[in-house]
Structures are given as structure tokens and as C-alpha cells.
Amino acid sequence: MTRFALSTTALVLSTTAAVAGPVDVPPPPPPVYVEEERCGQSFDCFYAGLEYGLGQADITRNDLLTTPVPLTFDPEGSVWGAFAGYNVQNGSMVYGGEVRMLHFIDVSVADFEVDDVIDIRGRIGIAASEDFLLYAAAGYSTANATAGGVDVDLDGFNFGAGVEYNVTERVFVGADFTAREVEGETPVFSYDGSLNTATLRIGFRF
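Residues numbered from 1 in each chain as written. Predicted model: local features only at pLDDT ≥ 70, side-chain atom pairs only at ≥ 80, totals over all residues. Heavy atoms only, no water.

This paragraph deals with the overall build of the protein chain. Of the regular secondary structure elements, the protein chain holds 1 helix and 10 strands. Reading the protein chain from its N terminus to its C terminus gives the helix and strand order α-β-β-β-β-β-β-β-β-β-β. Per-residue burial for the protein chain yields a buried fraction of 35% across its 206 residues. Taking as baseline every contact in the protein chain between residues at least 6 positions apart, the subset at least 24 positions apart corresponds to 61%. Accessible surface for the protein chain amounts to roughly 12300 Å². Of this, 65% is attributable to carbon and sulfur atoms. (Helix = DSSP H or I, 4+ residues; strand = E, 2+ residues; numbered from the N terminus. Buried < 20%, exposed > 50% of the residue type's maximum accessible area, 1.4 Å probe, protein only. Contact = heavy atoms within 4.5 Å. Areas by Shrake-Rupley, 256 points an atom, 1.4 Å probe, with all protein chains shown as cover.)

Attention now moves to the pattern of salt bridges. By the definition in use, this model includes 11 salt bridges. When the shortest N-O distance is used, the salt bridge between Asp 176 and Arg 100 registers 3.4 Å. With Asp 176 in strand β9 (residues 171-185) and Arg 100 in strand β4 (residues 93-105), the pair connects residues that are 76 residues apart, well separated along the chain. Comparing Asp 176 with Arg 100, the two get one shared label, buried. Residues Glu 164 and Arg 205 are paired through a salt bridge, measuring 2.8 Å at the closest nitrogen-oxygen approach. Highlighted residues: Glu 164 in strand β8 (residues 150-166) and Arg 205 in strand β10 (residues 189-205), separated in sequence by 41 residues. Within the structure, one salt-bridge network assembled from shared partners comprises Glu 51, Glu 98, Arg 100, Asp 119, Arg 121, Arg 123, Glu 164, Asp 176, Arg 180, Arg 201 and Arg 205. (Salt bridge = Lys/Arg side-chain N within 4 Å of Asp/Glu carboxyl O.)

As for its position among the elements, Asn 196 is in strand β10. Among all residues touching Asn 196, those that are not within four sequence positions of it are Leu 54, Gly 55, Gln 56, Phe 177, Thr 178, Ala 179 and Arg 180.

This paragraph deals with the packing of aromatic side chains. In the structure shown here, the tally under the stated rule is 10 aromatic pairs. An angle of 25° between the planes, with centres 6.1 Å apart, marks the rings of Phe 157 and Phe 159 as stacked. Here the aromatic cluster, defined as three or more aromatic residues joined through ring pairs, consists of Phe 46, Tyr 86, Phe 204 and Phe 206. Lying across the ring of Phe 172, Arg 205 places its NZ or CZ 4.2 Å from the centre. (Phe/Tyr/Trp six-rings, centres within 6.5 Å; stacked < 30°, edge-to-face > 60°. Lys NZ or Arg CZ within 6 Å of the ring centre and 35° of its normal.)

Taken together, the side chains of Phe 46, Tyr 86, Val 88, Met 93, Tyr 95, Ile 124, Ile 126, Phe 204 and Phe 206 define a hydrophobic patch exposed on the protein surface, amounting to about 790 Å² of accessible area. Its location among the elements puts Tyr 86 in strand β3 (residues 76-90). A relative accessible area of 36% means that Tyr 86 is categorised as partly exposed. (Patch = residues over 30% accessible without salt bridge, like charges linked within 9 Å, V, L, I, M, F, W, Y side chains within 5 Å.)

It is worth spelling out unusual backbone geometry at this point. A positive phi angle, near 80°, is found at Cys 45, a position not held by glycine. For Cys 45, a relative accessible area of 2% corresponds to the buried category. Backbone geometry places Ala 110, a non-glycine residue, at a positive phi of 55°. Within the fold, Ala 110 resides in the loop between β5 (108-109) and β6 (112-127). Residue Ala 110 is classed as exposed on the basis of its relative accessible area, which comes to 73%.

Once that is clear, we can look at the nonpolar core. General note: in soluble globular proteins, nonpolar side chains tend to be found buried as a group. Formed by 18 residues in total, the largest nonpolar core has its most connected members in Ile 59, Phe 112, Val 114, Leu 154, Tyr 191 and Leu 195. Within the residue set of this core, elements represented by two or more residues are β1 (45-63), β4, β6, β7 (132-147), β8 and β10. The residues contacting Phe 112, other than those within four sequence positions of it, are Ile 59, Phe 73, Val 107, Ala 145, Thr 146, Ala 147 and Tyr 191. (Core = buried A, V, L, I, M, F, W, Y, C linked by side-chain atoms within 4.5 Å.)

Bringing the environment of Ala 127 into the picture now. Among the secondary structure elements, Ala 127 is positioned in strand β6. Using a relative accessible area of 11% as the deciding quantity, one classes Ala 127 as buried. Taking the C-alpha atoms as reference points, Ala 127 and Ser 42, separated by 85 residues in sequence, lie 8.7 Å from one another. If we ignore the near neighbours within four places in the chain, the residues touching Ala 127 are Phe 43, Gln 89, Ser 92, Val 94, Phe 132 and Leu 133.

Topologically, Gln 56 is positioned in strand β1. Within polar-contact distance, the side chain of Gln 56 engages the side chain of Asp 74 at 2.7 Å. Aside from chain neighbours lying at most four places away, what touches Gln 56 is Asp 74, Pro 75, Glu 76, Ser 194, Leu 195 and Asn 196. (Polar contact = N/O pair within 3.5 Å; in protein donor to acceptor, adjacent residues only side chain to side chain.)

Put into C-alpha cells, the structure is as follows:
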């Protein structure tokens, strides 16, 4: 009886499975790809923009052949240019590097004129809020000038400070002040002094 009962049970189960057909197993769900956020905080990542403002030079010329009283140039005018850089934000601390080029307009007196300057600088700042940044900057500058039709190459260090405000997640406006101590010479004259700029900026983070 036991063997008969087992045989009967097996037959019933196999018949039931045959009638029911194959069991449908649902396919696994597709993998979910989460795109990593490139700029995790308000001031992270690459940025670039334009700026416009005021430029001022305070340059002293010394004669290398004789020893007359030095001649000082103090021209003022306007500047415009472009900048690009990269920020890393860690909490409220923001640090990074920036390259900018400014073209001087009418920063000239007598036969001396400042043409342009390139700044390479590091920046460190504090994000006072999600939208407001205060920073200080320092680095190296090269400048081109002309004196009596002769090109004068100037170089030296720069230092400055500025503010930025995020208008949107990507667009920001700001203000920057930078002072530069530069020097250079021609076969006849040496030049040394300062180049200062105060500019308003508009930029884009990406």
C-alpha cells in the first residue's frame, strides 16, 4: 500500500505540473545608473568669465647709463579681460587656481603705456553661505608695456582679494582687487613699481 500510495502521489504531481505548464519567472529589474554629481557644492569645479574695471600704474623709470633723478609714471585708465579657474570646496573652505588676462585701455602717460597683464594665482576663501564667497589670492604676473616705442617686459608677484555671489547654480557675479609689484628693463632704462586693478566680474560654473 505504501508503495502504491507513493506512486499515485508522484503521478498526480507530475500530471499537475504538466497541466500547469512552465512557471513564468519575472526578469530581474534593469540596473539603476546614478550619475555622479560633478559639482557637489556651490563653488566646486571649473569656472570662466569676463571682467571690466579700472587700472592704475605707479611705475618709476631709472636711467641705467647715468644717475639722474628717477622719473615716475602714474597713469590711470580702464581694463577688460577674461579669467578661468578651478575650485575645490571642503565644507566652508574653498581653494583653487586661476589664470586671467587683462587688457589696459589708456593707462598711459607721456611716452609710457601699459598694454596687458597675465596673472597666474592661487585662491583660498570662505563660503559665508551657499551663495556668497570671500577669497584672497596671490601669484605671479607678467605685463607688457611700451616706452618711447620700445617694448618693456615686466614681471613680479601679485596679491589681492575679492567676493563672489551665485546668482543661479551656474551663473555668478563678483568684484576683485589685485595689486602687482613688477619690474623690467630695456638696454637703457629699468622700470619698477605697481600695477593695480579693480574689476567687476561675471562668470559661469561648469
